[in-house]
Amino acid sequence: MHTIHPLRRKDRATSEEEAMRILTDAEYGVLATVDAQGQPYGVPLNFCVMTGAIYFHCAKTGHKIDNISANPKASFSVVGKTRVLPADFGTLYESAIAFGELFEVHDKEKQQALEGLLLKYSHDFLQEGRQYIDAMAAKTRVFKLSLQTLSGKSRKQITFQASPLSCKKNLE
């Protein structure tokens, strides 16, 4: 089980529900793994969240697969909405990070995960997407990151006091 380090800026911690929303709504995430020699590797990828777990697909072999074979523990991070405020020397943001263990999924769960990706990224092309899944499923591996911990962090408002008139900016 992963031990969560205490968040330094507790005022920016989100609820677990908000962290799950940020994770689910994110367009892509970064999977971080470690190889057998302890070398870290972070790779951006598409994903979907189903039944409280993160699913992604990949090729049959590669760097990511080698790392998962050596050590199935991983972290996964996403950044949701952002807004850089140059004049305030700050950024409004929302992010989430998950820790867990990776497992390859097969059969029905693999099909459900591939359809979950299809619904998330190509929902206007479901029929064509299902045909694509049928044609490519044998060449594809699907993994599940079972979440052991999930946390979120956000800064949705900046109040900057450069003068007697304060300036308030929001992420929304």
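Conventions adopted
Residues numbered from 1 in each chain as written. Predicted model: local features only at pLDDT ≥ 70, side-chain atom pairs only at ≥ 80, totals over all residues. Heavy atoms only, no water. Phe/Tyr/Trp six-rings, centres within 6.5 Å; stacked < 30°, edge-to-face > 60°. Helix = DSSP H or I, 4+ residues; strand = E, 2+ residues; numbered from the N terminus. Buried < 20%, exposed > 50% of the residue type's maximum accessible area, 1.4 Å probe, protein only. Core = buried A, V, L, I, M, F, W, Y, C linked by side-chain atoms within 4.5 Å. Contact = heavy atoms within 4.5 Å.

*Asks:* Let's hear about the packing of aromatic side chains: which residues, and what values?
*Replies:* Evaluation of the coordinates by the stated rule reveals two aromatic pairs. Measuring from centroid to centroid gives 4.9 Å for Phe-47 and Phe-76, while their planes differ by 70°, and the two rings are edge-to-face. Highlighted residues: Phe-47 in the loop between β2 (40-45) and β3 (48-50) and Phe-76 in strand β5 (residues 73-85), separated in sequence by 29 residues. With a relative accessible area of 0%, Phe-47 lands in the buried category.

*Asks:* Describe the nonpolar core, listing the residues and the values that go with them.
*Replies:* Counting 22 residues, the largest nonpolar core has Leu-23, Leu-31, Phe-47, Phe-56, Phe-76 and Val-78 as its most contacted members. Put simply, the parts of the chain that give this core at least two residues each are α1 (16-25), β2, β4 (53-58), α2 (63-70), β5, β6 (90-105) and β7 (141-155). If sequence neighbours within four positions are ignored, Phe-76 has contacts with Leu-23, Gly-29, Val-30, Leu-31, Leu-45, Phe-47, Ile-54, Ala-96, Ile-97, Ala-98 and Leu-145. Among the nonpolar cores identified, the runner-up in size contains 12 residues, and Ala-53, Val-105, Ala-137 and Val-142 belong to it.

*Asks:* Describe unusual backbone geometry, naming the residues involved and giving the relevant values.
*Replies:* When glycine is set aside, most residues are seen to have a negative phi, and most peptide bonds are trans. You will see that Thr-51, though not glycine, has its phi angle at about 45°, which is positive. As for its placement among the helices and strands, Thr-51 is situated in the loop between β3 and β4. Here the phi dihedral of Asp-107 falls at roughly 55°; this positive angle occurs in a residue that is not glycine. Structurally, the position occupied by Asp-107 is in helix α3 (residues 107-121). The class for Asp-107 is exposed, based on a relative accessible area of 68%.

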